[in-house]
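Spelled out from the first residue to the last, the chains are:
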Amino acid sequence: MSSVSYSISNNQLTISLTGKIDSAFCTTYQNEIESKFRQDLMIIFDFHNVEYISSTGLRLILKCTKTCQSCEVINVSNEVFEIFNITGFTSLLNIKRALRELSIDGKRVIGEGAKGSVYQYDNDTVVKAFKSDIKLSEIEHEIMLAKKAFVLGIPTAIPYDVVRIKEGTYGTVYEFLASDVMNKLMIKYPEKKEEYRKLFTNVLKTFHHTKIDEDILPSKKLEVLSWINNVREHHVVDDEILNRLEVMVNDIIETKTLIHGDFHIKNIMFQGEEPLIIDMDTLSYGHPVFEVALMYYSFVAFDEHNKENYPKFFGFSSEEIINFFNRTIDDITTNLTPSQKEIFINEAKLIAYLKIINHYYKYNRHSEAEEIRFNYAREYLNQHIHEASVIDFAL
C-alpha cells in the first residue's frame, strides 16, 4: 500500500514514501508532493519503506533537484540504490543506502565512554553503540575526522560500517582486534602503570608534532572564542573577565598542530604494543595549550567536587589520576622555562573552567552536580583572570 507523509523542521522538509514509486503512485501523489517544492527548502526523501522506483518516480525526484535548494534521498534499499546508480542519479544528488540493523542484546561490553559503549558483537566484530542523543550526522563527522587523522599518520581505528542499533540508537562497526583500553590495562597490570603513562605521553607528543593545513580541520582557537560569545549571551560572567579571556585566547600563538580534544586514558586502545586512538569527533588544530586545557577538564576539573566519580570513570582514585595528569604535563613541557610553564598551565586552567560554563548552557543539564561545577568555575575565573598572559611560545 502506497502512502506519503511529511515533517518539516526549519527549512528542511522530509517526505517519507511507502510502496512502489511508479506511475500509479505518481498519478495519486505527484501533484501533492510537487506542491511542497520551494526554492528555499531542503528536501529529504525517506525511502525506508520504498520497494521500487520507476522512470516516472525518477522524474519526480529530478524535478525536486531543479526546484528546491537541495535534495537528497536516504534509507535506500540495495535494490532501489542500484536503480539510482544505473540511471546516473547517484552522480546528481546525495543518495544514502539504508543502514543495516544489529542488536546488542546480550553482547559483552568491552568499553564505555561519554558518547556510548563498545560491545564485542562476535569473534570478528566490535560495535560501538552511541547514546540516543548522538545524531547520525555527528557519527559521520567523526568517521570523516578519523580518516583525516589516519592519513596524517595518527594510529586510529576506522569503522567500516555504520548501522542502526535495534535498541534505538546508531552504531559503528569495527574489525575485532585483540585489544583493550588503556585504563583497563593499567588496572590489570598495576606494575606497568608508569610504562603506560610514558606511552600515553608519547602519543600526545605525536599529536603535537603533527603539523596540518588549516583547511582540513576546524580551529580550536575559534571554537574556544565561540564559547566566550556563548557565555556572554547568558550574562553570568562579567564582561571585563570575558574580554580579558578573549584577548588571552586571541594572543595564543598559532602553531597549527593536531589537537585530539578529548585525550585521556579511556580513549587509547592497544593492539599488542601498538596504541590506537579512538573518539576522533573533537579533532582540530591549534596550540597544545588547548589540548592540555581539555585534558585538565577531563582529569581534574570535571569531577574535583565529586571525587568518588574518578574510580567509576577512570578506575583510579582522584589522587592517582591527578598525579598521572601532572606527571604527563611535566614531561611535555620540559622545553619551557619555569615562567613559560606557569603561564601555559594557568591559561590551560582558565580555558578548562570556561568550558565548564559553556557546557552548562550548551547541554542544558542543570543537575545539582552541574550547578556546583558551574558555580566553582565562575568563581575560579573571577579569582584567577589576573593570571591571563600571552603565550607566544611553542612547546
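The structure this text deals with has already been given above.
Residues numbered from 1 in each chain as written. Predicted model: local features only at pLDDT ≥ 70, side-chain atom pairs only at ≥ 80, totals over all residues. Heavy atoms only, no water.

A.B. asks: How should the overall build of the chain be read in this particular structure?
C.D. replies: Counting its regular elements, the chain contains 13 helices and 16 strands. Here the chain, with 395 residues, has 47% of them falling under the buried criterion. In the chain, the proportion of contacts linking residues at least 24 apart, taken out of those at least 6 apart, comes to 69%. Here the chain has roughly 19,300 Å² of accessible surface; of this, 49% comes from carbon and sulfur atoms. (Helix = DSSP H or I, 4+ residues; strand = E, 2+ residues; numbered from the N terminus. Buried < 20%, exposed > 50% of the residue type's maximum accessible area, 1.4 Å probe, protein only. Contact = heavy atoms within 4.5 Å. Areas by Shrake-Rupley, 256 points an atom, 1.4 Å probe, with all protein chains shown as cover.)

A.B. asks: Explain the packing of aromatic side chains here, please?
C.D. replies: Here a ring pair, both rings aromatic, is described through the centre-centre distance and the interplanar angle of the planes. Tallied over the full model, the rule gives 21 aromatic pairs. Centroid distance phenylalanine 200 to phenylalanine 324: 5.1 Å. Interplanar angle 70°. Geometry classified as edge-to-face. Highlighted residues: phenylalanine 200 in helix 6 (residues 193-208) and phenylalanine 324 in helix 11 (residues 318-332), separated in sequence by 124 residues. Note on accessibility: phenylalanine 200 and phenylalanine 324 belong to one class, buried. Considering the side-chain rings of phenylalanine 299 and phenylalanine 324, the 5.9 Å spacing of their centres and the 20° angle between planes classify their relative orientation as stacked. With phenylalanine 299 in helix 9 (residues 288-301) and phenylalanine 324 in helix 11, this residue pair connects regions lying 25 residues apart in the sequence. (Phe/Tyr/Trp six-rings, centres within 6.5 Å; stacked < 30°, edge-to-face > 60°.)

A.B. asks: When you look at the side chain of glutamate 347 in this model, what are you seeing that I'm missing?
C.D. replies: When you line up the elements, glutamate 347 lands in helix 12 (residues 338-362). Summary of buried charges: glutamate 347 has no salt-bridge partner, and the nearest side chain of opposite charge, lysine 221, is 9.5 Å away. Here glutamate 347 is in contact with Met248, Ile252, Val289, Ala388, Ser389, Val390 and Ile391, once residues within four sequence places are set aside. (Lys, Arg positive; Asp, Glu negative; His and termini not counted. Salt bridge = Lys/Arg side-chain N within 4 Å of Asp/Glu carboxyl O.)

A.B. asks: Quick question: what am I supposed to make of unusual backbone geometry here?
C.D. replies: One can expect most non-glycine residues to show negative phi and most peptide bonds to be in trans. If you check the backbone angles, lysine 256 has positive phi at about 55° while not being a glycine. With respect to the element layout, lysine 256 can be found in the loop between helix 8 (239-250) and strand 13 (257-259). In this structure lysine 256 comes out as partly exposed when scored by relative accessible area, which is 32%. In the Ramachandran plot, aspartate 279 falls in the positive-phi region, its phi being about 55° despite a non-glycine side chain. Tracing the backbone through its elements, the reader meets aspartate 279 in the loop between strand 15 (274-277) and strand 16 (284-286).

A.B. asks: What exactly am I supposed to notice about the pattern of salt bridges here?
C.D. replies: Once their charged atoms are close, side chains differing in charge can pair, the charge on each being opposite to the other. This structure, assessed with the given rule, holds 17 salt bridges. With its nearest N and O atoms 2.6 Å apart, the salt bridge here joins aspartate 161 to arginine 100. Placement of aspartate 161 in strand 10 (residues 161-165) and of arginine 100 in the loop between strand 5 (94-97) and strand 6 (101-102) is noted, with a sequence separation of 61 residues between them. Assessed through its relative accessible area of 24%, aspartate 161 is described here as partly exposed. With a relative accessible area of 40%, arginine 100 lands in the partly exposed category.

A.B. asks: For this particular structure, what's the right way to read the sheet that holds strand 3 (residues 42-53)?
C.D. replies: Backbone hydrogen bonds are what pair the strands of a sheet, in a parallel or an antiparallel way. Pairing in this open sheet of five strands is mixed, and the strands run 1-2-3-4-5 from one edge to the other. For this open sheet the edge positions go to strand 1 (3-9) and strand 5, each flanked by a neighbour on one side alone. Across the sheet, the axes of successive neighbouring strands diverge by a mean angle of 20°, strand direction being ignored. As judged from the three bridges shared by strand 4 (residues 70-76) and strand 5, these two strands associate in the parallel manner. Directly across from glutamate 72, in strand 5, lies its bridge partner asparagine 94. Seen against the sheet, helix 3 (residues 78-86) touches strand 3, strand 4 and strand 5 and runs at an angle of roughly 115° to strand 3. (Pairing = 2+ DSSP bridges. Axes fitted to C-alpha atoms, helices over the stretch in contact; angles between N-to-C directions.)

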